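The primary structure of each chain is shown beneath.
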Amino acid sequence: MYTAHPDRYADMPYRRTGRSGLKLPALSLGLWHNFGPDRPVETQRAILRRAFDLGITHFDLANNYGPPPGAAESALGAFLKSDFKAYRDELVISTKAGYLMWPGPYGEWGSRKYVLSSLDQSLSRMGLDYVDVFYSHRPDPETPLEETMGALHSAVQQGKALYVGVSNYSAEQTREAARILGELGTPLLIHQPRYSMLDRRPETEGLLDALDELQVGSIVFSPLEQGLLTGRYLDGIPEDSRAASDSPFLSSDAVTEELVGRLRALNTIAESRGQSLAQLALAWVLRGGRVTSALVGASSARQIEDSVGALDRLDFADEELARIDAVING
């Protein structure tokens, strides 16, 4: 029988999400890659328990997480029943709908039929009556935004979600989504964009400015850039790495000598701050408070511990930020 650590809230900072009453931990756990049947159940259990014991109260999923799609939600459902049933009200659980889940014209994108059917399936897999946050995972170019946002609003009205969010939406699309949801009476709580030291599009394309203006929270995915910012690639491509397998998310061609040189330079900056490269990368996205939470994945409990270590130092001197920019911009 699992009993959570009594001091789990002692050190984790919690940040208010936009103008809502919901606070999220500075680090949240994403269940994207490591919660399918190809990973040992005991390793999955150890990751979830260690995360919660360290104050990570937010578990983030999507209908297609696994692999295969749906596996992560099913795995979490089993752990919620066996380990976390007594702690459900201390947890923030989110899921998403938008990518391919079943064959035919109603199995992906943003139609009302797909979005609400997907949510029902997600709740069934997790054994839940509701999720805390339900996202539109990507904008649908062929479905009116009013329909997709209307489906999110219905999820709240039906008691199947407490809050709603969007992911992978542009600044302009986010503004329009927020307007539609506001008129319906269900505020846009949060946006989940990709953001890291190596991918600054939320800055350069105005998304962070839009979120500030709208008073909408943000939770960023891939802050470690598919593992590039974990230190694993400082000597090239490890045999057991994502790039070595030519994953669709990180190809070996992307890991150039120039990139490795930049990673080494960033690692030198991290060492000067007493941090690992991964800790530097997480601290960087959380700097200044514009980002509500950073999503981290983990293949072991030890990785969770290393990530939480980033929170010991979130401050940056102007000179450090300038050095990082110099490395990134060449």
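Anyway, here's the lowdown on the structure attached to this text. Everything numeric in this text was worked out from a predicted model, so none of it was measured.

**Things to note about the overall build of the protein chain**
Next, step 1: For the protein chain, the helix and strand inventory stands at 11 helices and 10 strands.
Next, step 2: Its C-alpha radius of gyration of 19 Å places the protein chain within 12% of the 20 Å reference for a compact globule of 330 residues.
Next, step 3: For the protein chain, the spread of C-alpha atoms along the three principal axes comes to 50 × 50 × 40 Å.
Next, step 4: Residues counted as buried form 55% of the 330 residues belonging to the protein chain.

**Side note on the packing of helix 1 (residues 41–53) against helix 10 (residues 301–308)**
Packed helix pairs are specified by the crossing angle of their axes together with the interaxial distance, meaning the distance between the axes.
Next, step 1: Direction vectors running N to C along helix 1 and helix 10 enclose 25°, while the axes themselves pass 8 Å from each other. The orientation of helix 1 with respect to helix 10, classified from their angle, is roughly parallel. Like other packed secondary-structure pairs, helix 1 and helix 10 cross with a definite hand, here right-handed. Between helix 1 and helix 10, the contacting residues are Ala46, Ile47, Arg50 and Ala51 on the first element and Ala301, Ile304 and Glu305 on the second.
Next, step 2: Considered class by class, the residues forming the contact of helix 1 with helix 10 number 5 nonpolar, no polar and 2 charged.

**Observations regarding helix 8 (residues 257–272)**
Next, step 1: End to end, helix 8 covers 23 Å across 16 residues, agreeing with the expected 22 Å (1.5 Å per residue, within 8%).
Next, step 2: Here helix 8 has its buried residues at Leu259, Val260, Leu263, Leu266, Asn267, Ile269 and Ala270.
Next, step 3: Packing partners of the buried residues in helix 8 comprise helix 9 (277–286) and helix 11 (318–329).
Next, step 4: Gly274 occupies a position one or two residues after helix 8 and carries a positive phi of about 75°.

**Section: unusual backbone geometry**
Next, step 1: The omega torsion of the bond from Gly66 to Pro67 falls at -10°, within 30 degrees of zero and hence cis.
Next, step 2: Here Pro67 is to be found in the loop between strand 4 (58–60) and helix 2 (71–82).
Next, step 3: Residue Pro67 is joined to Pro68 through a cis peptide bond whose omega torsion reads -5°.
Next, step 4: Looking at where Pro68 falls in the secondary structure, it is placed in the loop between strand 4 and helix 2.
Next, step 5: One non-glycine residue, Trp109, lies in positive phi territory at about 75°.
Next, step 6: Its place among the elements puts Trp109 in the loop between strand 5 (92–97) and helix 3 (112–126).
Next, step 7: Its relative accessible area of 30% is what places Trp109 among the partly exposed residues.

**Some remarks on the sheet that holds strand 5**
Next, step 1: As summarised here, the arrangement of the 8 strands in space is 3-4-5-6-7-8-9-10, forming a closed barrel in which the pairing is parallel. Ignoring which end each strand starts from, the neighbouring axes of this sheet average 30° apart.
Next, step 2: In terms of strand pairing, strand 4 meets strand 5 through 3 bridges, oriented parallel. Bridged to Phe59 within strand 5 is Ile93.

**Re the pattern of salt bridges**
Next, step 1: Under the criterion given, the structure shown has 27 salt bridges.
Next, step 2: By sharing partners, the salt bridges in this structure join Glu42, Arg45, Arg49 and Asp83 into a single network.

**Structural notes on the packing of helix 4 (residues 145–157) against helix 5 (residues 171–184)**
Next, step 1: Where helix 4 contacts helix 5, the axes come no closer than 10 Å and their chain directions differ by 50°. Relative to helix 5, the element helix 4 lies oblique. For the pair helix 4 and helix 5, the crossing hand works out as right-handed. Between helix 4 and helix 5, the residues in contact are Leu145, Glu146, Met149, Gly150 and His153 and Gln173, Glu176, Ala177, Arg179, Ile180, Leu181 and Leu184, respectively.
Next, step 2: Split into classes, the residues belonging to the contact of helix 4 with helix 5 amount to 6 nonpolar, 3 polar and 3 charged.

About the criteria used
- Residues numbered from 1 in each chain as written.
- Predicted model: local features only at pLDDT ≥ 70, side-chain atom pairs only at ≥ 80, totals over all residues.
- Heavy atoms only, no water.
- Helix = DSSP H or I, 4+ residues; strand = E, 2+ residues; numbered from the N terminus.
- Rg over C-alpha atoms; globule rule 2.2 N^0.38 Å.
- Buried < 20%, exposed > 50% of the residue type's maximum accessible area, 1.4 Å probe, protein only.
- Axes fitted to C-alpha atoms, helices over the stretch in contact; angles between N-to-C directions.
- Parallel < 35°, antiparallel > 145°, perpendicular 65-115°, else oblique.
- Left-handed = near helix turned anticlockwise from the far one by under 90°.
- Contact = heavy atoms within 4.5 Å.
- Nonpolar A, V, L, I, M, F, W, Y, C, P; charged D, E, K, R; others polar.
- Expected span 1.5 Å × (residues − 1).
- Pairing = 2+ DSSP bridges.
- Salt bridge = Lys/Arg side-chain N within 4 Å of Asp/Glu carboxyl O.

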